[in-house]
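Coordinate analysis (summary)
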Amino acid sequence: KQAATLVIEENKNIKETLKQEPIQHIEDLNKHVFQLIEKGTHCDEVEINLILQQAFHYYGLSNFLTSVVIPVLHEIGKRWEKGEWDAYQESISSMVVRDFLVQIRRNFKYRDNAPLVLGACLPNEQHEIPVQILLLQLMQLGWKTILVGSSPAPGSLESIVEKLKPVKVLLYASTNIPFEMNP
């Protein structure tokens, strides 16, 4: 419960810090998003990765996240929910996007004295891509970031916070499941 309260408070601060562009509507989706959906339909990992690279170089990180990554993830989710895509198409396409974001984070340079923010999903939360996106946005603002990942083991969040002593901790859940399973 204390973690949830901290998440709510930090979310307010992060929203003020990160001035995001609005997410585009389907009619405004760009050619990169359409190409990613087309290649995702056929589970063409190599082409998905190539299109992500092209879009990243074309837009730069900030616009890449808001104009390509977030819209394509929303479209993938909608197609899966409507039954237009099978779970394997959603999984493969999302994982290629996730892996691409991990590569960007691994190659992002920051100062040694940058403040540390720790990002993690709550236990029983499997969707880590939103945390990846937020951490990349924070890196652009000068933060050093560490991602714990999805569904950490019980007690591991407390242990890593105690060990690393981050300035901020970002905890994420996309559903109520983590709160229901860990009251």
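Higher on the page you've got the structure.
The shown structure was predicted, so the numbers you read here are calculated from the model rather than taken from an experiment.

Attention now moves to unusual backbone geometry. Most peptide bonds adopt trans geometry, and most residues besides glycine take a negative phi value. Even without being glycine, C43 reaches a positive phi, approximately 55°. Here C43 is to be found in the loop between α2 (31–41) and α3 (45–59). Residue S151 is not a glycine yet carries a positive backbone phi of 40°. For S151, the position within the fold is in the loop between β2 (144–149) and α7 (156–164). Taking relative accessible area as the criterion, S151 reaches 26% and is therefore assigned partly exposed.

Before going further, it helps to spend a moment on the sheet that holds strand β3 (residues 168–172). Strand order in this open sheet of three strands is β2-β1-β3, and the pairing throughout is parallel. Strand pairing shows two members of the sheet lacking a second neighbour, β2 and β3, which therefore form its edges. Within this sheet the neighbouring strands show an average axis-to-axis angle of 20°, counted without direction. Sheet topology note: the strand β1 (residues 116–121)/β3 ladder contains five bridges and is parallel.

All right, on to α2 then. Each turn of an α-helix holds 3.6 residues, which means side chains three or four residues apart point in the same direction. Those residues of α2 that fall on the buried side of the exposure criterion are H32, V33, L36, I37 and G40. Here the buried residues of α2 occupy an arc of 135° about the axis, which is enough to place them on one side. Against α3, α4 (61–81) and α5 (87–107) lie the buried residues of α2. Regarding α2, its N-cap is N30, as a side-chain oxygen of that residue lies 2.9 Å from the backbone nitrogen of H32 further along. Directly after α2, the chain includes C43, whose backbone phi takes a positive value near 55°.

Turning next to the environment of I92. In this structure, I92 sits in helix α5. When the C-alpha positions of I92 and G40 are compared, they lie 7.5 Å apart, and in sequence the two are 52 residues distant. With near-sequence residues (within four places) excluded, I92 lies in contact with C43 and E45.

Bringing the pattern of salt bridges into the picture now. Counted by the stated rule, this structure contains four salt bridges. The residue E75 makes a salt bridge to R79 at a minimum N-O spacing of 2.9 Å. On the criterion of helical spacing, the pair formed by E75 and R79 is a turn pair, its members being four residues apart in helix α4. When salt bridges with common partners are traced through the structure, they connect E75, K78 and R79 into a single cluster.

Glancing now at the nonpolar core. Formed by 27 residues in total, the largest nonpolar core has its most connected members in F64 and L101. For this core, the secondary structure elements donating two or more residues are α2, α3, α4, α5 and α6 (129–140). Residue contacts for L101: discarding those within four places in its chain leaves F64, L65, V69, I129, Q132, I133 and L136. C121, V131, L135 and Y172 belong to the second-largest nonpolar core, a separate cluster that totals ten residues.

Let us look at the packing of aromatic side chains. Taken as a whole and judged by the stated rule, the model has four aromatic pairs. With a centroid separation of 4.8 Å and 90° between ring planes, the pair formed by Y58 and Y59 is classed as edge-to-face. Aromatic ring contacts, followed pair by pair, group F56, F64 and F100 into a single cluster.

The topology assignment puts Q140 in helix α6. When the C-alpha positions of Q140 and S62 are compared, they lie 8.3 Å apart, and in sequence the two are 78 residues distant. Among all residues touching Q140, those that are not within four sequence positions of it are L61, S62 and F108.

What counts as what
Residues numbered from 1 in each chain as written. Predicted model: local features only at pLDDT ≥ 70, side-chain atom pairs only at ≥ 80, totals over all residues. Heavy atoms only, no water. Helix = DSSP H or I, 4+ residues; strand = E, 2+ residues; numbered from the N terminus. Buried < 20%, exposed > 50% of the residue type's maximum accessible area, 1.4 Å probe, protein only. Pairing = 2+ DSSP bridges. Axes fitted to C-alpha atoms, helices over the stretch in contact; angles between N-to-C directions. Arc of directions from axis to C-beta. Contact = heavy atoms within 4.5 Å. Polar contact = N/O pair within 3.5 Å; in protein donor to acceptor, adjacent residues only side chain to side chain. Salt bridge = Lys/Arg side-chain N within 4 Å of Asp/Glu carboxyl O. Core = buried A, V, L, I, M, F, W, Y, C linked by side-chain atoms within 4.5 Å. Phe/Tyr/Trp six-rings, centres within 6.5 Å; stacked < 30°, edge-to-face > 60°.

Remember that the coordinates give geometry; whether it matters functionally is a separate question.
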